[in-house]
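# Architecture and fold: a report
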Amino acid sequence: MIVSWNTTNACNMYCAHCYRDAGVKAEEELSTAEAKKLLTEIARAGFKIMIFSGGEPLMRPDILELVKFAADLKLIPVFGTNGTLITKEMAKDLKAAGAKGMGISLDSLDKDKHDKFRSFKGAWEGAVQGMENCAEIGLPFQMHTTVMDWNESELEAMTDFAVELGAKAHHFFFLVPTGRAATIEEESLRAEAYENVLTRIMKKQETVDIELKPTCAPQFLRIADLLGQKSRFKRGCLAGLSYAIISPKGKVQPCAYLNMEIGDVRQTPFDEIWKNSEVLNKLRTLEYGGGCGVCKYKRTCGGCRARAAFYHNGDYMAEEPWCLYHGRRG
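The following paragraphs examine the structure supplied in this document. Since this is a predicted model, take the numbers as computed values, not measurements.

Okay, helix 1 (residues 32-44) next. Its 13 residues place the ends of helix 1 18 Å apart at the C-alpha level, agreeing with the 18 Å of an ideal helix rising 1.5 Å per residue. Of all the positions in helix 1, only Ala 35, Leu 38, Leu 39, Glu 41 and Ile 42 are classed as buried. Burial along helix 1 is one-sided: seen end-on, the buried residues are contained in an arc of 165 degrees. In helix 1, the exposed positions that point more than 90 degrees away from the buried face belong to Ala 33 and Arg 44. Contacts made by the buried residues of helix 1 are with strand 1 (2-6), strand 2 (49-53), helix 2 (63-72), strand 8 (243-246) and helix 9 (270-276).

Below, the structure is given as structure tokens:
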């Protein structure tokens, strides 16, 4: 089970695709004491992997204290970060505090393209340096790439670069039009291109030893099955099943891109929200509409619930609109 907490809305970048519309620290972000209470409730709910994200999580002054607190609760602290603040000293401190992995964003091998997407000159150099610093002190890291129409031709080469840098994995994030990403929705891939890229990624997996994992693209499990590949992943869309996210102010959502608040940890303990939420319990029924409801891969794929909601007027149980396979029963 995986949970993500947007530790702060503060960020040193202004990325075009940011679902949180990050940049400036939000008013009334969870305090250190509130954060520790939240982490305790997350552990009590049975979660194992604790993702510290943002904004940029390394801009939160108490982040090392919170990582240690999470590790002491037997959670596995990992990060989603732009990597530019991972100096050698910070990498050492994170490892000492108990961090087990850093997910660092890199969206192109072209420095200018990456920097433009992130609205930050030097973003590419900073991300790569952050990865190199992690490698030097033995803090595991993986590369995160947001897949767009302008970088999809680079993906295999980026995997090779991740291997070269010493990454443990390369995860590919497929756009869901939420937050600022809604303004670049037309740059996202559509059905045939989407299917083609997923197939390329899964074929690339056969040539490298590191893990390749599409995110917000649950159809990758169907494609892996059709290619005869065995995957350690058993489920595509995790929203409400084994994943949830908490905002800097303590608002809970089924996933980062399913933009609906289902609770407030300042009012209700997280473990109670996780157990009792009407939305989460509906997601757990797997009673999807359209093609997703009759698909033989319903229990392994499930379609992207956030993308279904965006393109079906908020109906998060509707069929996934980008899938070529939906509607088939077998």
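So, about the packing of aromatic side chains. In this structure the tally under the stated criterion is twelve aromatic pairs. Judged by centre distance (6.0 Å) and plane angle (15 degrees), the ring pair of Trp 124 and Phe 161 falls under stacked. With Trp 124 in helix 5 (residues 123-137) and Phe 161 in helix 6 (residues 155-165), the pair connects residues that are 37 residues apart, well separated along the chain. Of the residues examined, Trp 124 reaches a relative accessible area of 9% and is grouped as buried. Judged by centre distance (6.3 Å) and plane angle (50 degrees), the ring pair of Tyr 311 and Trp 322 falls under tilted. With Tyr 311 in helix 12 (residues 305-311) and Trp 322 in the segment after helix 12, the pair connects residues that are eleven residues apart, well separated along the chain. On the basis of relative accessibility, which here comes to 28%, the residue Tyr 311 falls in the partly exposed class.

Here the bond from Gly 54 into Gly 55 is cis, since omega is 15 degrees, no more than 30 degrees from zero. Take Gly 55: it is sitting in the loop between strand 2 and helix 2. Located in the positive-phi region is Glu 28, a residue other than glycine, with phi close to 65 degrees. Relative to the helices and strands, Glu 28 resides in the loop between strand 1 and helix 1. Assessed through its relative accessible area of 60%, Glu 28 is described here as exposed. The backbone of Asn 313 sits at a positive phi, close to 50 degrees, despite the residue not being glycine. Considering the arrangement of structural elements, one finds Asn 313 in the segment after helix 12.

Bringing the pattern of salt bridges into the picture now. Evaluated as defined, the whole model comprises 16 salt bridges. The closest approach of N and O atoms between Arg 266 and Glu 34, which form a salt bridge, is 2.9 Å. On the criterion of sequence distance, the pair formed by Arg 266 in the loop between strand 10 (263-264) and helix 9 and Glu 34 in helix 1 is long-range, its members being 232 residues apart. The salt bridge involving Arg 60 is made with Asp 62; its shortest N-O contact spans 2.6 Å. The class of Asp 62 is buried, set by a relative accessible area of 11%. One network of salt bridges, in which partners are shared, links Glu 152, Glu 156 and Arg 200.

Read from one edge of the open sheet, ten strands run 7-6-5-4-3-2-1-8-9-10, paired in mixed fashion. Looking at strand neighbours, the two that pair on one side only are strand 7 (211-215) and strand 10, the edges of this open sheet. Across five bridges, the pairing between strand 1 and strand 2 is parallel. The residue bridging Asn 6 from the neighbouring strand is Ser 53, located in strand 2. On top of the sheet, helix 6 reaches strand 5 (141-147), strand 6 (169-174) and strand 7; it is set at about 165 degrees to strand 5, its chief contact.

The topology assignment puts Arg 305 in helix 12. One buried charged side chain, Arg 305, makes no salt bridge at all; its nearest oppositely charged neighbour is Glu 320, positioned 6.3 Å away. At a separation of 2.8 Å, a polar atom in the side chain of Arg 305 contacts the main-chain carbonyl oxygen of Gly 302. Not counting residues up to four positions away in its chain, the partners in contact with Arg 305 are Cys 237, Leu 258, Leu 283, Tyr 288, Cys 292, Tyr 316, Met 317, Ala 318 and Glu 320.

Conventions and cut-offs
Residues numbered from 1 in each chain as written. Predicted model: local features only at pLDDT ≥ 70, side-chain atom pairs only at ≥ 80, totals over all residues. Heavy atoms only, no water. Helix = DSSP H or I, 4+ residues; strand = E, 2+ residues; numbered from the N terminus. Expected span 1.5 Å × (residues − 1). Buried < 20%, exposed > 50% of the residue type's maximum accessible area, 1.4 Å probe, protein only. Arc of directions from axis to C-beta. Contact = heavy atoms within 4.5 Å. Phe/Tyr/Trp six-rings, centres within 6.5 Å; stacked < 30°, edge-to-face > 60°. Salt bridge = Lys/Arg side-chain N within 4 Å of Asp/Glu carboxyl O. Pairing = 2+ DSSP bridges. Axes fitted to C-alpha atoms, helices over the stretch in contact; angles between N-to-C directions. Lys, Arg positive; Asp, Glu negative; His and termini not counted. Polar contact = N/O pair within 3.5 Å; in protein donor to acceptor, adjacent residues only side chain to side chain.

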